[in-house]
Amino acid sequence: MLAAFRSWLSRHRARKAAWHQAWSGADVYGDDGLTNFQRLALASLEQALGPLSLVEAAGTAGRYLTGKIPETYFTLYLYADELGAQGISQRFIREKWDCDTPEAMVGEFVAFVRSQPRNRF
């Protein structure tokens, strides 16, 4: 029993260390006013979904970027280290605690948007 616990604890510590390494510096702001995560997310999203027209806004969680995702009913919300979208009847919300890496979070979001019906009007 003790061996099983020690094994679990070792795996848990390794996973936690890997998570901290992956997210280290993601919420650091650059000279452009964006965090490293926001720059990564924007580049990946625009490559997958096309150009995005986002504006800067401020809320209780701090400053963030927001705007419509082309050909969808979704509005994007891109925080320092969080990503979300709100549609008519669906939403996507991920915080850094939900994903092992920033790339995994962006990948989940792109897959979510691609799986939704397109608004071509």
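Look up: the structure comes first, before these words.
All of the points below concern the structure found in this document. Bear in mind the structure is a predicted one, so any value in this text is a computation, not a measurement.

### Describing the sheet that holds strand S4 (residues 82-86)
- The antiparallel open sheet is built from 5 strands, whose spatial order is S1-S2-S3-S4-S5. Each edge of the sheet is formed by a strand with only one pairing partner; in this case those strands are strand S1 (55-59) and strand S5 (91-95). Across the sheet, the mean angle separating the axes of adjacent strands is 25° when strand polarity is ignored.
- Note: S4 against S5, 5 bridges, orientation antiparallel. Paired with Leu-83 across the two strands is Arg-94, which belongs to S5.
- Its contacts with the sheet put helix H2 (residues 36-49) on strand S2 (62-68), strand S3 (75-78) and S4, and the angle it makes with S3 is roughly 150°.
- Of the strands in this sheet, S3, S4 and S5 are in contact with helix H3 (residues 102-114), which crosses S5 at around 175°.

### A short note on the side chain of Lys-96
- Looking at the element boundaries, Lys-96 is found in the loop between S5 and H3.
- Within the local environment of Lys-96, its side chain forms a polar contact with the side chain of Asp-81, the two groups lying 3.4 Å apart.

### Quick word on the nonpolar core
- Ranked by internal contacts, the top residues of the largest apolar core, which has 25 residues, are Phe-37, Leu-45, Ile-69, Leu-83 and Phe-109.
- Residue assignment for this core shows that the elements contributing at least two residues are helix H1 (2-23), H2, S3, S4 and H3.
- Considering every element that reaches this core, the biggest residue donor is H3, with 6 residues.
- Ignoring sequence-local partners within four residues, the contact set of Leu-45 consists of Gly-50, Leu-52, Leu-76, Leu-83, Val-106, Phe-109 and Val-110.

### Things to note about H3
- The end-to-end C-alpha distance of H3, which contains 13 residues, comes to 19 Å, matching closely the 18 Å that a straight helix rising 1.5 Å per residue would cover.
- Residues of H3 that are buried include every one of Pro-102, Met-105, Val-106, Phe-109, Val-110, Phe-112 and Val-113, and no others. One side of H3 holds all its buried residues, which, seen down the axis, span an arc of 160°.
- Its buried side turned inward, H3 meets H1, H2, S3, S4 and S5.

Calculation notes
- Residues numbered from 1 in each chain as written.
- Predicted model: local features only at pLDDT ≥ 70, side-chain atom pairs only at ≥ 80, totals over all residues.
- Heavy atoms only, no water.
- Pairing = 2+ DSSP bridges.
- Helix = DSSP H or I, 4+ residues; strand = E, 2+ residues; numbered from the N terminus.
- Axes fitted to C-alpha atoms, helices over the stretch in contact; angles between N-to-C directions.
- Contact = heavy atoms within 4.5 Å.
- Polar contact = N/O pair within 3.5 Å; in protein donor to acceptor, adjacent residues only side chain to side chain.
- Core = buried A, V, L, I, M, F, W, Y, C linked by side-chain atoms within 4.5 Å.
- Buried < 20%, exposed > 50% of the residue type's maximum accessible area, 1.4 Å probe, protein only.
- Expected span 1.5 Å × (residues − 1).
- Arc of directions from axis to C-beta.

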